[in-house]
Amino acid sequence: MIHKFKMHDTFMAVDVNSGAVHVLDETAYEVLEYYKKLTKASIVDKLSSEYGSDKVEEAYEEIRELEQSGQLYAEDPLKNYVFNTEVNPVIKALCLHVAHDCNLRCKYCFASTGDFGVNRTLMSVETGKKAIDFIIKSSGSRRNLEVDFFGGEPLMNFEVVKEITAYTIEKGREFNKNFRLTLTTNAILLNDENKKFINEHMGNLVMSIDGREEVNDRMRCRVDGSGTYAAILPRIKDMADSRNQDKYYVRGTFTRENTDFSKDVLHLADLGFKQISIEPVVAGKDSGYDIREEDLPELLSEYEKLALEYVKRHKEGKGFNFFHFMIDLQQGPCAIKKLKGCGSGHEYVAVTPEGDIFPCHQFVGMDDFKIGNVNNGTDLNKNVIDRFKASNIMSNEDCGQCWAKFYCSGGCAANAYQFGGDLSKPYKIACELEKKRVECSLWIKAMEME
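Residues numbered from 1 in each chain as written. Predicted model: local features only at pLDDT ≥ 70, side-chain atom pairs only at ≥ 80, totals over all residues. Heavy atoms only, no water.

A. How the structure looks around a negative patch on the surface. A surface patch of like charges, here negative, comprises Asp25, Glu26, Glu50, Asp54, Glu57, Glu58, Glu62 and Glu65. When residues of the negative patch are assigned to their parent elements, the largest contribution, five residues, is made by helix H3 (residues 53-68). Turning to its location among the elements, glutamate 65 is positioned in helix H3. (Patch = residues over 30% accessible without salt bridge, like charges linked within 9 Å, V, L, I, M, F, W, Y side chains within 5 Å. Areas by Shrake-Rupley, 256 points an atom, 1.4 Å probe, with all protein chains shown as cover. Salt bridge = Lys/Arg side-chain N within 4 Å of Asp/Glu carboxyl O. Lys, Arg positive; Asp, Glu negative; His and termini not counted. Charge placed at Lys NZ, Arg CZ, Asp CG, Glu CD. Helix = DSSP H or I, 4+ residues; strand = E, 2+ residues; numbered from the N terminus.)

B. The arrangement of the environment of asparagine 186 in detail. Relative to the assigned elements, asparagine 186 resides in the loop between strand S8 (178-185) and helix H6 (192-201). Asparagine 186 has contacts with Cys102, Asn103, Leu104, Glu153, Ser208, Arg220 and Ile232, leaving out every residue within four places of it along the chain. At a separation of 3.0 Å, a polar atom in the side chain of asparagine 186 contacts the main-chain amide nitrogen of isoleucine 188. (Contact = heavy atoms within 4.5 Å. Polar contact = N/O pair within 3.5 Å; in protein donor to acceptor, adjacent residues only side chain to side chain.)

C. Structural context of the nonpolar core. Counting residues in hydrophobic clusters, the biggest one holds 114 residues, and the most contacted among them are Leu96, Ile276 and Phe322. Ranked by the residues each element gives to this core, the list is headed by helix H16 (residues 428-448), at nine residues. Ignoring any residue separated from it by four or fewer positions in sequence, one finds isoleucine 276 in contact with Tyr249, Val250, Val265, Leu268, Ala269, Phe320, Asn321, Phe322 and Phe323. (Core = buried A, V, L, I, M, F, W, Y, C linked by side-chain atoms within 4.5 Å. Buried < 20%, exposed > 50% of the residue type's maximum accessible area, 1.4 Å probe, protein only.)

D. Quick look at the side chain of arginine 313. Within the element layout of this structure, arginine 313 appears in helix H10 (residues 296-315). A distance of 2.8 Å separates the side chain of arginine 313 from the side chain of glutamate 309, its partner in a polar contact. If we skip the residues at most four places from it in the chain, arginine 313 touches Leu266, Ala269, Asp270, Lys318, Gly319 and Phe320.

E. Layout of the sheet that holds strand S3 (residues 21-24). Judged by pairing direction, the sheet is antiparallel, and its three strands sit side by side in the order S1-S2-S3 without closing on themselves. Single-partner strands in this sheet number two, and they are strand S1 (2-7) and S3. Sheet twist, expressed as the mean angle between neighbouring strand axes with direction ignored, is 25°. Direction of pairing for strand S2 (residues 10-15) relative to S3: antiparallel, over a ladder of four bridges. Residue pairing in the sheet places alanine 13 in a bridge with histidine 22 of S3. Packing against the sheet, H16 makes contact with S1, S2 and S3, and its axis sits at approximately 70° to S1. (Pairing = 2+ DSSP bridges. Axes fitted to C-alpha atoms, helices over the stretch in contact; angles between N-to-C directions.)

F. Layout of the packing of helix H2 (residues 40-51) against H3. Interhelical geometry of H2 versus H3 gives an angle of 135° and a closest axis separation of 7 Å. The angle between H2 and H3 falls in the class oblique. With respect to the hand of their crossing, H2 and H3 are arranged in right-handed fashion. Listed contacts from H3 to Lys40, Ile43, Val44, Leu47, Ser48 and Tyr51 of H2 are Ser53, Lys55, Val56, Glu57, Tyr60 and Glu61. When its residues are assigned to classes, the contact of H2 with H3 shows six nonpolar, two polar and four charged. (Parallel < 35°, antiparallel > 145°, perpendicular 65-115°, else oblique. Left-handed = near helix turned anticlockwise from the far one by under 90°. Nonpolar A, V, L, I, M, F, W, Y, C, P; charged D, E, K, R; others polar.)

Structure follows, in structure tokens:
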């Protein structure tokens with residue numbers, strides 16, 4: 001399978017199965033369009049008036065050599081791979097909901113402003129410890145594990161965060177497990193005390209801000225409706241600087257009310273942030289904030305504009321990292337990881353303050369997807385686990401025909417279920433955004449190699 005695209009006067013082609021990425025001249029780009037459809041003589045005849053017969057023949061032979069070397073039209077090495085759902089799940093990542101409460105009332109919040117549509121509760125130390133015991137037991141021989149302190153707002157339960165962290169470190173040493181800890185916060189409660197603790201123990205930190213002040217304050221509000229930008233910006237800047245502009249992300253959300261989101265990314269970059277992520281909203285259809293098909297042309301253009309500025313700033317020595325443009329063409333995820341994506345429901349799970357286990361943070365509160373509970377030690381719901389195991393790019397016809405399948409690995413299961421009612425039917429709008437992000441990432445890599 002081949003995907004061709006043009007971006008900012010650069011002609012590119014991706015061989016999906018081999019992963020090879022090619023920068024072409026215009027002649028080769030046109031020859032590739034007809035390479036499998038016409039004979040060599042017919043292609044030369046068709047294109048020679050515009051490009052000259054010698055250039056067309058030369059381009060044809062170069063493409064033929066790439067095909068023979070397996071860098072174009074490669075066979076799918078995974079087409080006959082079959083997942084074994086009988087193998088016990090190996091849990092390697094845990095989203096620990098230490099707080100189902102929040103001190104903000106963000107309008108687009110997928111978690112119903114922090115309580116996940118249930119009750120405003122905080123996790124106990126005992127439940128947190130049992131969650132750590134659960135991941136250790138469920139991780140098998142895997143040594144590297146991840147725990148994300150999540151909410152709601154986890155700093156509302158900071159003493160419990162500290163105790164669970166200490167327990168995690170202790171148990172990691174006991175069972176030879178290497179835990180990488182992350183904390184996600186809206187930054188309102190950041191202070192010198194928790195900053196010190198976070199910098200000592202959290203391998204990664206995610207701090208929420210949507211970009212420009214008017215954009216942020218339109219959505220990210222306090223309980224009284226007032227905005228948060230002025231309060232959180234100095235805290236976030238101080239925190240990022242204290243981590244040497246590394247091992248953190250400022251993470252924002254764009255909605256259809258700021259489809260010019262590239263300005264928000266660049267606003268954060270202009271403030272000095274080096275690790276930035278701005279992502280499309282997860283909002284119900286017709287909520288008023290949801291991304292719609294008619295928004296796609298502008299959003300796709302925004303990604304291209306951002307990619308152009310991204311390259312320009314890096315060349316000027318003023319670069320920053322944008323999460324969705326980070327791509328590894330040398331190694332990247334292994335083949336099986338490419339097939340099954342994030343592993344929600346069987347490699348990655350979320351645990352609520354009550355100890356309930358769900359496939360990920362976006363499924364919390366949906367009883368049909370409850371996997372078990374860390375407090376009662378009962379067997380996990382294998383039907384739910386197998387349902388998520390079986391949902392992958394090999395089981396999805398749409399994904400199987402998509403050129404970007406090995407980059408996105410089928411997309412977000414929660415989005416698929418929310419917008420289509422089926423784990424194995426990807427959310428089309430998210431697909432289009434992802435494909436454009438991959439194109440931008442590949443173009444950026446090509447520019448870096450010039």
